[in-house]
Amino acid sequence: MEHPASPRARSRTTPLAPRAFTLPQRGSSLAGKAYWAMVQRVALTAAAIDAGYIVLFLWLGSMPLAAVNLVSIAMYLAAYKLIQNRYNISALALIWLEVIAHSALGSLLIGWNSGFHYYLLLFIPAIVIANTRGFALPVVVALLAYYLGLQELCDHLAPLAPLPAFSVKIVNWIHICIVFALSAALAAFYRHTILRAESRLRKQATLDPLTGLSNRSHFEALAAHALMRSQRDGTPVTLLLCDVDHFKRVNDLLGHAVGDEVLVAVAHTLSSNLREGDVLARWGGEEFLALMPAAGREAAMATAERIRATIEQTPVPVGQGAPVSLTLSFGVAQVHGPDDLQAATVRADKALYQSKHAGRNRVSQG
């Protein structure tokens, strides 16, 4: 910035048993927390459903299935507690065991037509989505083999504790309704997760992670749209480029953490003093660039002067230390159309260099 030769050459990883999958760590990220919170909700929901099943099977006169559901409640509550205590592999294994065993026992006790096997289908999207090591296909094939094997076994064996046909149909209808509801809930969760991931990626691609301002590429895209509008409207557009004076000294004397706080504070002051339609970006290091549509050079100079005075008169509070006094240097240049943005940036950069060369803490126009 100051070289006179040029204007500036500027848990615990938690695999889903078997070790084919790696699921988000609990507490490692927002996605991980959301996933394990969802698993806990599933465990509690399943326990509540099984409590309802106990009432249903007592009413239908099937004591064996009532007992099976009592055991299932205990297993789901145990899985919930295991996740609370970060034993995530054990919790997932317990949930898998419950569903696989419950579907088999229910089908063998009152027949395949009861629909206990529908719950096995809920594993398919979970297996595919959780896969990170390329083993989704063999696991799904193994689940399919189990599913078909259970059907063959039920076809060859009479129900061990049969119920009247109408009672079996009631159970089947209830299973269909519950599986539809659970499938919709899981789909909604995965959709929400995808949308949040897309939002994070969009922010990472367009925003500076420290200040939250637009990054250079996003600024250029927004500026192109603003310049096209200004060309249609015939209104002037001005660039405002600024740099924190002696920023290297702040980093060297007070540390990079304080330097980061200074940049965030400067970004906030710039945002507060610019209009809603202005485009502001962190241009690199301690430099910030603003595009001001429908603003002539004099209006931009006045805005820059107001910001300069605000920064000079308002030391930045940093942690437990004394506030840091700052100044900014500015370069202002008008943009003469959509194809002039790069050249106008160079002119603003030269004007900024003039401010630096003349003693800093001032506004120059190019």
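Structure's up top.
None of these values were measured; they are calculated from a predicted model.

Peer 1: Explain helix α6 (residues 136-156) here, please?
Peer 2: The first and last C-alpha atoms of α6 sit 30 Å apart over 21 residues, in line with the 30 Å expected at 1.5 Å per residue. Listed as buried for α6 are A136, V139, L143, Y147, L150 and C154. Angular distribution of buried residues about the axis of α6 spans 80°; they occupy a single face of the element. In this structure, α6 carries L137, D155 and H156 as exposed residues pointing more than 90 degrees from its buried face. Structurally, α6 contributes buried residues whose contacts are with α3 (88-110), α4 (118-121) and α5 (123-130).

Peer 1: Looking at this model, I keep getting lost on the pattern of salt bridges. Mind explaining?
Peer 2: A side chain with one charge may pair with a side chain of the opposite charge, provided their charged atoms come close. Following the criterion strictly, the structure yields eight salt bridges and no others. As a salt-bridge pair, D252 and K248 come within 2.8 Å of each other at their nearest N and O atoms. Of this pair, D252 and K248 both sit in helix α9 (residues 247-254), four residues apart, which is roughly one turn of that helix. In the salt-bridge network here, residues are joined through shared partners; they are D243, D245 and K356.

Peer 1: Help me understand the sheet that holds strand β2 (residues 279-284) in this model?
Peer 2: The strands that make up a sheet are held in pairs by hydrogen bonds between backbone atoms, and each pair lies either parallel or antiparallel. If you walk across this open sheet you meet the five strands as β2-β3-β1-β4-β5, and the pairing is mixed. Two strands close off the open sheet at either side, each with one partner strand: β2 and β5 (363-365). Taking each pair of neighbouring strands and ignoring which way they run, the sheet shows an average axis angle of 20°. Here seven bridges tie strand β1 (residues 237-244) to strand β3 (residues 287-293), and the two strands are oriented antiparallel to one another. Each residue of the ladder has a partner; that of T238, found in β3, is M292.

What counts and what doesn't
Residues numbered from 1 in each chain as written. Predicted model: local features only at pLDDT ≥ 70, side-chain atom pairs only at ≥ 80, totals over all residues. Heavy atoms only, no water. Helix = DSSP H or I, 4+ residues; strand = E, 2+ residues; numbered from the N terminus. Expected span 1.5 Å × (residues − 1). Buried < 20%, exposed > 50% of the residue type's maximum accessible area, 1.4 Å probe, protein only. Arc of directions from axis to C-beta. Contact = heavy atoms within 4.5 Å. Salt bridge = Lys/Arg side-chain N within 4 Å of Asp/Glu carboxyl O. Pairing = 2+ DSSP bridges. Axes fitted to C-alpha atoms, helices over the stretch in contact; angles between N-to-C directions.

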